[in-house]
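Here is how the chains run, residue by residue.
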Amino acid sequence: MASQKDLDFTYSTIDKIFRLSMGETGDYSGAMYNGDFSMTLEEAQRQKHKFIADSLFIGPGSKVLDMGCGWGPFLTYVKSRGAEGRGVTLSQGQAVACRKNGLVVDVKDCRTVVPADYGMFDAISCIGGLEHFCSIEQWQAGQQDAVYANFFKTLSDLLPTGGRFYMQTMVFSKNMPPFEAIRLDADPRSDAYFMALMIAQFPGSWLPYGAEQVIRNAEPHFKLVSKSSGRLDYIETIGQWRKRFRAFNLEKYATYASLLPKLLTNPSFRGLIATFRKSPNRVCFQRELMDHYRLVFEKQ
Ligand SMILES: C[S@@+](CC[C@H](N)C(=O)[O-])C[C@H]1O[C@@H](n2cnc3c(N)ncnc32)[C@H](O)[C@@H]1O
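Parameters at a glance
Residues numbered from 1 in each chain as written. Predicted model: local features only at pLDDT ≥ 70, side-chain atom pairs only at ≥ 80, totals over all residues. Heavy atoms only, no water. Patch = residues over 30% accessible without salt bridge, like charges linked within 9 Å, V, L, I, M, F, W, Y side chains within 5 Å. Areas by Shrake-Rupley, 256 points an atom, 1.4 Å probe, with all protein chains shown as cover. Salt bridge = Lys/Arg side-chain N within 4 Å of Asp/Glu carboxyl O. Helix = DSSP H or I, 4+ residues; strand = E, 2+ residues; numbered from the N terminus. Pairing = 2+ DSSP bridges. Axes fitted to C-alpha atoms, helices over the stretch in contact; angles between N-to-C directions. Left-handed = near helix turned anticlockwise from the far one by under 90°. Contact = heavy atoms within 4.5 Å. Parallel < 35°, antiparallel > 145°, perpendicular 65-115°, else oblique. Nonpolar A, V, L, I, M, F, W, Y, C, P; charged D, E, K, R; others polar. Near = heavy atom within 4 Å. Polar contact = N/O pair within 3.5 Å; in protein donor to acceptor, adjacent residues only side chain to side chain. 1 Å grid on protein atoms, 1.4 Å probe; cavity = no way out; pocket = protein on both sides within 12 Å on 5 of 7 lines; lining within 4 Å. Points joined across faces, edges and corners; volume = space filled by probe spheres on them.

Caption draft 1: Structural view of a nonpolar patch on the surface. On the surface, Phe248, Leu250 and Tyr253 cluster together into a nonpolar patch covering about 360 Å² of accessible area. If you trace the backbone, Phe248 turns up in the loop between α11 (231-246) and α12 (250-258).

Caption draft 2: The arrangement of the sheet that holds strand β7 (residues 290-299) in detail. Strand order in the open sheet made by the seven strands is β3-β2-β1-β4-β5-β7-β6, with mixed pairing throughout. Edge positions in the open sheet fall to β3 (105-107) and β6 (222-229), since each of these has one partner strand only. Here the average twist between neighbouring strands, direction ignored, is 20°. With five bridges connecting them, strand β1 (residues 63-67) and strand β2 (residues 84-89) associate as parallel partners.

Caption draft 3: Layout of the packing of helix α3 (residues 41-55) against helix α4 (residues 73-80). The interhelical angle for the contact between α3 and α4, taken along N-to-C directions, is 65°, at an axis separation of 10 Å. The element α3 and its partner α4 pack so that their crossing is right-handed. Taken together, the residues of α4 that come into contact with α3 (itself represented by Arg46, His49, Lys50, Ile52 and Ala53) are Pro73, Phe74 and Tyr77.

Caption draft 4: Highlighting the packing of helix α2 (residues 15-22) against α12. At a minimum axis separation of 9 Å, α2 and α12 run at an interaxial angle of 155°. By the criterion of interaxial angle, the relationship of α2 to α12 is roughly antiparallel. Handedness of the α2/α12 crossing: left-handed. Taking contact as the criterion, the partners of Lys16, Ile17, Leu20 and Ser21 in α2 are, on α12, Glu251, Lys252, Thr255 and Tyr256. Residues belonging to the contact of α2 with α12 are distributed by class as follows: three nonpolar, two polar and three charged.

Caption draft 5: Geometry of the site of the ligand. Inspection of the region around the ligand gives 22 residues, with Tyr28, Ser29, Gly68, Gln94 and Ile127 positioned closest. In this structure, Ser29 approaches the ligand through a side-chain N or O atom, which is 2.5 Å from an oxygen atom. Between the ligand and the protein, one listed contact pairs a nitrogen atom with a backbone N or O atom of Cys110 at 2.9 Å. Burial of the ligand by the surrounding chains reaches 97%, relative to a free accessible area of 590 Å². Taken together, the residues that form the shell around the ligand break down as ten nonpolar, nine polar and three charged.

Caption draft 6: Broad picture of the layout of surface pockets. Considering only enclosed or pocket space, the second largest pocket measures out at about 220 Å³ in volume. If you trace the second largest pocket, you find 14 residues lining it, with Thr25, Gly26, Asp27, Glu42 and Gln45 closest to the centre. Only α3, α4 and α11 provide two or more residues apiece to the lining of the second largest pocket. Looking at the lining of the second largest pocket element by element, the count peaks at five residues for α3.

Honestly, it's all geometry; don't read function into it.
Put into structure tokens, the structure is as follows:
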């Protein structure tokens, strides 16, 4: 799985820039336009929050765990519905920001949460976290199914029968290039090159092979309630993020400038900047190297 160092690289590095671009508790996961691109990004994110909360029957007093809570967008929403939310993330920067914004968040590996930590929950969400659970090395060692099966066992222990879990995740899709071809020195127009940039942006992370792999590993404990692709909605989301990351703000541009020394000395960091310029995730969705799924599960 991606380590705390990997996730701090991906998320804590951009903490201030993200909050200045997307808002203090902005979402860093695909929004839900349902194909209506006349909506603003904020409306589409709100529509996603409502869909998740409705699907999980979250209301006043519900006890909700948000695994991989980011900067706390869904926790903020459930609070507005009178629910009691708790988040866990592996990014220090996110946790500090969440607490500053009045949210209850720990730095903790969500895959290790047990009832002794916080008790049981009425509902659990994991919005864009599963992408980080399996590393390339674990996949190569044939452990990917076991990683997901263990995760669903953890969830099952935290929910009562009938309790619901929502997740959305990127997955590899039909045009995924062979692993051996994925290299940063591949032809810069090729699928293999864009996939290599994705891997540089998210070190320690390897995606599931389709929604089917996730659903299969959930099966001993959970039945699938609903499944929908958010691929086209994600392409729109990324386009909107690009505009917001570029929008001028003095403090933000000063922060970009303060990162320049790292840019000159650290090759991993240069890779991260390249991903911001070229938006490999958007290209991977457009070329169907990747898809994106929203899945609602119920504990049997
Ligand atoms: C793409 S962000 C999504 C954040 C948030 N859910 C949202 O929708 O804005 C992925 C999040 O998963 C977290 N994460 C990844 N692996 C984790 C793990 N094993 N335990 C806890 N958090 C994890 C990252 O720290 C980050 O907050």
